[in-house]
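# Observations on the model geometry
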Amino acid sequence: MLDPLAALTDAFTSFLFGRVETTRLPVRTSTGQAQAVYLPTAAPGLGDSGVIIGREVYSGKGYIYDPFQLYGQQLPAPHWLVLGESGNGKSALEKTYVLRQLRFRDRQVVVLDAQGEDGVGEWNLIAKALGLTPIRLDPMAALDGGIKLNPLDPAITVTGQLALLRTIIEVAMGRGLDERSGFALKVAHAYVAETVTDRQPILTDIVERLRHPLEESAEAMNVDLDDVRAWGLDVALVLDRLVDGDLRGMFDGPTSAGIDLDSPLIVFDLSHIDRNSIAMPILMAIVGVWLEHTWIRPDRRKRIFLVEEAWHIINSPFVAQLFQRLLKFGRRLGLSFVAVVHHLSDVVDGAAAKEAAAILKMASTRTIYAQKADEARATGLVLGLPRWAVEIIPTLTPGIAVWDVNGNVQVVKHLITETERPLVFTDRAMTETSVEHAADLEAEAEAEAEARAEAHVAAQVALAKQLADDAVA
């Protein structure tokens, strides 16, 4: 019950303004009708600083992502994992992302291009557009003066050289080195590092010393010389493959001059290497370690290391261990590692499950394109995706992906500009729109347009002449 003062106030207000309170009868309605009462909401974005990727599907907002801008605030690590089956837009995303990053002056990108197209690497068009020449690693070309990368390059520390040699041998053998073989390799490498000072040491020096160990090597361990030779035989045979086998030419000489490590984009074209051979992980290990010691420097530049077919790294325990170290150091030196993988099951069920889990844990950003339902469920379980995201992954259309940026999960439509489209289009072989064919079509169209223009001008001249003749007559 109102007190007298409140009742008097209410009566006075009602007299001046009328009754301000109304009684609403309950309304029965459906959920579909009632939802119009509530305004649509969308998850917050990642900020407005960095590289634009496209738009968030549900809200239509622009989606901007940059690991260097987000690091330390929304991202604990700048590394990125891209997943999805072929034909859904992974390659287009990577290429536009790199092109857009290169608009910042302090960015540098290295790409390991393992996919071939029209006889060259997939990134060849972008390199040409930027006026760059890809570094093509090809055993046949290397024999004829092509590019060489030396695992014993003096730019790599002695410790790094030995670790790289062990990785090469372990990858090729498919198992770890035993203590005796490891000792033989260490002794041979130490001798070469100490005695070859007038030039770059090369793998041939290591192979020769393994085949012919010195007496003092045996005396140091109080064993027979024949034992030391036997311990290093398997190691010598593996390294001989890089010197005189199917991989000869690429790694058995001094590092080629002229590799511009200050270029904004460096593309290593691996398309001439069999992707399913043991050569690919060996090659990636050598390139990775060589870059670690020659390219990554504490100069405040932001670097991106993008690896196509990255399962060659993550699925090999020995190569994965090298890259784990690279990723850990990379955070301190401004490095963002981008790994592109088709199926996560290729990695987590492989021989390097432990190492793969460690690398995946470092990738705070995960982009997942369309996958089959069972693969999507497995991916969601490993990456800890919410159920709604797992359910929509099989329904995604090309160009649309689920983005998980340290727990901020959104569905994003990747947008490609008309300028970028001819550079990132990667199925020309299927659609018969190769660069040469497209150029021919464009030339034909221009010639046809010129012919039409000339015919139009001729018709106009003829008409004007006819009118002039009629006027004179």
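Residues numbered from 1 in each chain as written. Predicted model: local features only at pLDDT ≥ 70, side-chain atom pairs only at ≥ 80, totals over all residues. Heavy atoms only, no water.

## Details of the overall build of the chain
Tallying secondary structure elements over the chain gives 22 helices and 13 strands in all. A separation threshold of at least 6 residues defines the contact pool for the chain, and within that pool the share at least 24 residues apart is 73%. Carbon and sulfur atoms make up 55% of the accessible area of the chain, which totals about 24700 Å². (Helix = DSSP H or I, 4+ residues; strand = E, 2+ residues; numbered from the N terminus. Contact = heavy atoms within 4.5 Å. Areas by Shrake-Rupley, 256 points an atom, 1.4 Å probe, with all protein chains shown as cover.)

## Remarks on the sheet that holds strand β12 (residues 400-405)
The strand order across the open sheet formed by 11 strands is β2-β1-β13-β12-β11-β3-β10-β9-β4-β8-β7, and the pairing between neighbours is mixed. Edge strands, defined here as strands with exactly one partner in the open sheet, are β2 (62-65) and β7 (135-136). Relative to strand β10 (residues 335-341), strand β9 (residues 302-307) runs parallel, the two sharing five bridges. Bridge pairing in β10 links I304 to S336. The strands that helix α18 (residues 373-383) touches are β3 (79-83), β11 (363-368) and β12; relative to β11, the one it contacts most, it runs at about 165 degrees. (Pairing = 2+ DSSP bridges. Axes fitted to C-alpha atoms, helices over the stretch in contact; angles between N-to-C directions.)

## Things to note about the packing of aromatic side chains
Scanning the model with the defined rule gives 12 aromatic pairs in all. Each ring, one from W295 and one from F305, has its centre 6.4 Å from the other, and the planes form 70 degrees; the classification is edge-to-face. Note that W295 is positioned in the loop between α13 (279-294) and β9 and F305 in strand β9, a separation of 10 residues in sequence. On the basis of relative accessibility, which here comes to 1%, the residue F305 falls in the buried class. Between the NZ or CZ atom of R107 and the centre of the ring of F104, over which it lies, the distance is 4.6 Å. The ring of W295 is capped by R303, whose NZ or CZ atom sits 5.6 Å from the centre of that ring. (Phe/Tyr/Trp six-rings, centres within 6.5 Å; stacked < 30°, edge-to-face > 60°. Buried < 20%, exposed > 50% of the residue type's maximum accessible area, 1.4 Å probe, protein only. Lys NZ or Arg CZ within 6 Å of the ring centre and 35° of its normal.)

## As for the pattern of salt bridges
Enumeration according to the criterion identifies 17 salt bridges in this entry. R166 serves as the salt-bridge partner of E170, at 3.6 Å between the closest nitrogen and oxygen. Placement of the pair is E170 and R166 together in helix α7 (residues 158-173), with a separation of four residues, close to one helical turn. Assessed through its relative accessible area of 29%, R166 is described here as partly exposed. Across the pair E391 and R387 runs a salt bridge whose closest N-O atoms are separated by 3.8 Å. Linking E391 with R387, this pair stays in helix α19 (residues 387-392), spanning four residues, or about one helical turn. Summarising the burial analysis for this pair, E391 and R387 share the class exposed. A single salt-bridge network, built from bridges that share partners, covers D66, D106 and R107. (Salt bridge = Lys/Arg side-chain N within 4 Å of Asp/Glu carboxyl O.)

## Structural notes on the side chain of Q101
With respect to the helices and strands, Q101 occurs in helix α4 (residues 90-101). Here the side chain of Q101 touches D66 through a polar contact of 3.4 Å, side chain to side chain. Beyond its immediate chain neighbours, meaning those up to four positions away, Q101 contacts V51, D66, P67, F68, R107 and I304. (Polar contact = N/O pair within 3.5 Å; in protein donor to acceptor, adjacent residues only side chain to side chain.)

## Details of the nonpolar core
Membership of the largest hydrophobic core comes to 94 residues, with the highest contact counts inside it found for L112, L149, L239, F268, W295 and F305. Among the elements that line this core, the one with the most residues is α13, at 11 residues. With residues up to four places along the chain from it excluded, the contact list for L112 reads F268, L270, M284, V287, F305, L306, V307 and E308. Membership of the second largest hydrophobic core comes to 32 residues, among which are W80, W123, Y369 and W403. (Core = buried A, V, L, I, M, F, W, Y, C linked by side-chain atoms within 4.5 Å.)

## Comments concerning helix α12 (residues 233-244)
Here α12 contains 12 residues, and its C-alpha end-to-end distance of 15 Å stays within 8% of the 16 Å for a straight helix at 1.5 Å per residue. If you check which residues of α12 are buried, you get V235, A236, V238, L239, L242 and V243. For α12, the angular spread of buried residues about the axis comes to 165 degrees, placing them on one side. Facing away from the buried side of α12, by more than 90 degrees, are the exposed residues L237 and D244. Considering only its buried residues, α12 is in contact with α7, α8 (179-195), α9 (203-211) and α13. (Expected span 1.5 Å × (residues − 1). Arc of directions from axis to C-beta.)

## Remarks on α8
The end-to-end C-alpha distance of α8, which contains 17 residues, comes to 24 Å, matching closely the 24 Å that a straight helix rising 1.5 Å per residue would cover. Buried residues of α8: S181, G182, F183, A184, L185, A188, H189 and V192, and no others. If you follow the buried residues of α8, they end up packed against α7, α9, α10 (215-221), α11 (225-231) and α12.

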